[in-house]
Amino acid sequence: MATEKTAKATWEGDLLHGSGHVKTGTGSVDADMTWAARAEDVEGPSPEELIAAAHATCVSMALAAALGRAGTPPTRLETEATTAFEKAGEGFKLTSVRLTIRGEVDGLDDEAFRAAAEDAKENCPISQALKGNVELSVDASLANRSPSRSS
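Criteria and cut-off values
Residues numbered from 1 in each chain as written. Predicted model: local features only at pLDDT ≥ 70, side-chain atom pairs only at ≥ 80, totals over all residues. Heavy atoms only, no water. Phe/Tyr/Trp six-rings, centres within 6.5 Å; stacked < 30°, edge-to-face > 60°. Helix = DSSP H or I, 4+ residues; strand = E, 2+ residues; numbered from the N terminus. Buried < 20%, exposed > 50% of the residue type's maximum accessible area, 1.4 Å probe, protein only. Lys NZ or Arg CZ within 6 Å of the ring centre and 35° of its normal. pLDDT = per-residue confidence, 0-100. Contact = heavy atoms within 4.5 Å. Salt bridge = Lys/Arg side-chain N within 4 Å of Asp/Glu carboxyl O.

Caption draft 1: View of the packing of aromatic side chains. This structure, assessed with the given rule, holds three aromatic pairs. Where Trp35 meets Phe92, the ring centres are 5.1 Å apart and the plane angle is 75 degrees; that geometry is what we call edge-to-face. Pair noted here: Trp35 is in helix H1 (residues 35-39) and Phe92 is in strand E5 (residues 91-104), with a separation of 57 residues, a long-range link. Of the residues examined, Phe92 reaches a relative accessible area of 43% and is grouped as partly exposed. Among the aromatic side chains, those forming a connected cluster through ring pairs are Trp35, Phe85 and Phe92. Directly above the ring of Phe92 sits Lys87, whose terminal nitrogen or CZ lies 5.3 Å from the centroid.

Caption draft 2: A look at the confidence of the model for the protein. In the predicted model, the protein carries a mean pLDDT of 93, and 95% of its residues have values of at least 70. In this model residues 146-150 is a low-confidence stretch, pLDDT under 50, and it forms 15 contacts with partners more than four residues away in sequence or in other chains.

Caption draft 3: The pattern of salt bridges, seen in detail. Counting across every chain of the model gives six salt bridges. Notably, a salt bridge pairs Glu78 with Arg76, separated by 2.9 Å at the nearest N-O pair. Residue classification places Glu78 among the partly exposed positions, given a relative accessible area of 47%. The partner of Lys121 in a salt bridge is Glu118, and the shortest N-O contact between them spans 2.9 Å. Here Glu118 and Lys121 lie together in helix H3 (residues 110-123), a separation of three residues that amounts to about one turn. One network of salt bridges, with partners in common, ties together Glu118, Lys121, Glu122 and Lys131.

Next comes the structure, spelled out in structure tokens:
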């Protein structure tokens, strides 16, 4: 059986001068939105920030599950997702999500950690939803070690 989650958004006014509000069914997100916060360097939440939060969480959970199944559960995973929202043709588009993951995992070397992070990036449900439409990349390393990139 599927788990369902809800969110409700309202918008008042035109795009450039109006504003909106989003609230999740659980109340965990309850935020005002503006076009300026979305498309300019203005403080405030945006849909892309919510996608970044969802993706960072999803990848962390997928990676923790995989590491646990492999017998090397993480002590700590810290994942940052950075989205790029830019003009594309006549409109705008979410073009990429860059994931940066730092982990503390006993009994695992950097190469195995990077491979597990790459697999989590490819297979978490949020990645699956974005795949084919948004460029996804990951930079993963164990804490206190130099990073290694893959796309």
